[in-house]
Amino acid sequence: MISFDHPQIQLFYQYLNGYAPVSQTSFEEFLPLIKIRSVQKNESIVFRGQTARNIYFVCQGILISQWMDDEANVFVKNFFVEGHLAGSTVSMLTDSPSGFGIESVEDGVVLEMNYQRYKEVIYKHEDLKNYYIANLEQNWIIENERRQISFAAENASQRYLSFLNKYPNLPQRIPQWLIASYLGITPTQLSRIRKDL
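Scope of this entry: the structure provided in the associated data block. This is a predicted model, so every value here is computed, not measured.

### Quick look at the environment of S98
So, point 1. Mapped onto the fold, S98 is located in the loop between α3 (89-94) and β7 (101-104).
So, point 2. Considering only alpha carbons, one finds S98 and L31, 67 residues apart in sequence, at a separation of 27 Å.
So, point 3. If we skip the residues at most four places from it in the chain, S98 touches V46, F47, R48, G49, Q50, T51, S88 and S91.
So, point 4. Among the polar contacts made by the side chain of S98, one reaches the main-chain carbonyl oxygen of F100 at a distance of 2.6 Å.

Pasting the structure below:
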């Protein structure tokens, strides 16, 4: 079993405590579930149409959720950077095929846990329930609404500035077309916006 003092485990523990205070005793119940997994650049860890079973905590690297239409256009739904959870949550909650795939954009390291067992541990502890609720509120309600408002109310330049505010280091680490796809614009439009700024 992985030790509580392992640097990547400590990163995950800090993440939980960023939402609500979690005791070491409660947290240590996750340890038997966690696998430390290396991921390669362009490796798919969830395929579109697959029923997702695992949740991932990004220790190093960048994951994206994306799907491709019939004309091979790629649509980026989300970026998951170091210190964040990634997964096809709707697929895991509903036990149904995922509407998107999750892929690694660069070599990295993730913590992998079975989602059902992760939730079983959470339901046993009041402090973990508090973390889980705060995490869902922040990432599913508040962030989702911000993104919807951004797409409805902001022009492409404003959306790019919002993106930079949220992910200041990503433009140096990932292909520009992925950012353009996330913003709902073409790479040429993004290039123009960057020049103007």
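Now that the structure is up, let's keep going.
### Details of the side chain of T89
So, point 1. Checked against the element boundaries, T89 lands in helix α3.
So, point 2. Other than its neighbours up to four places away in sequence, T89 contacts Y115 and W140.

### Description of the packing of helix α6 (residues 156-166) against helix α8 (residues 187-196)
So, point 1. Relative orientation of the contacting elements α6 and α8 amounts to 75°, with a least axis distance of 10 Å. Of the possible angle classes, the one that applies to α6 and α8 is roughly perpendicular. Contact residues: α6 offers A156, S157 and Y160, while α8 offers L190, I193 and R194.
So, point 2. Residues belonging to the contact of α6 with α8 are distributed by class as follows: 4 nonpolar, 1 polar and 1 charged.

### Describing the sheet that holds strand β4 (residues 63-68)
So, point 1. A sheet is described by the order of its strands in space; here 4 strands give the open sequence β2-β7-β4-β5, paired in antiparallel fashion. Edge strands, defined here as strands with exactly one partner in the open sheet, are β2 (44-46) and β5 (74-80). Taken pair by pair, the neighbouring strands of this sheet meet at an average axis angle of 35°, ignoring direction.
So, point 2. Bridging between β4 and β7 involves 4 bridges; their strand directions are antiparallel. Directly across from L63, in β7, lies its bridge partner S104.
So, point 3. In the packing of helix α7 (residues 176-183) onto the sheet, the strands contacted are β4 and β5, and the crossing angle to β5 comes to about 95°.

### Remarks on the packing of α6 against α7
So, point 1. Running from N to C, α6 and α7 cross one another at 115°; their axes reach a closest spacing of 10 Å. Helix-helix and strand crossings are classified by hand; for α6 and α7 the assignment is right-handed. Contacts from R159, Y160 and F163 of α6 reach α7 at I179, Y182 and L183.
So, point 2. The residue makeup of the contact of α6 with α7, split by class, is 5 nonpolar, no polar and 1 charged.

What counts as what
Residues numbered from 1 in each chain as written. Predicted model: local features only at pLDDT ≥ 70, side-chain atom pairs only at ≥ 80, totals over all residues. Heavy atoms only, no water. Helix = DSSP H or I, 4+ residues; strand = E, 2+ residues; numbered from the N terminus. Contact = heavy atoms within 4.5 Å. Polar contact = N/O pair within 3.5 Å; in protein donor to acceptor, adjacent residues only side chain to side chain. Axes fitted to C-alpha atoms, helices over the stretch in contact; angles between N-to-C directions. Parallel < 35°, antiparallel > 145°, perpendicular 65-115°, else oblique. Nonpolar A, V, L, I, M, F, W, Y, C, P; charged D, E, K, R; others polar. Pairing = 2+ DSSP bridges. Left-handed = near helix turned anticlockwise from the far one by under 90°.

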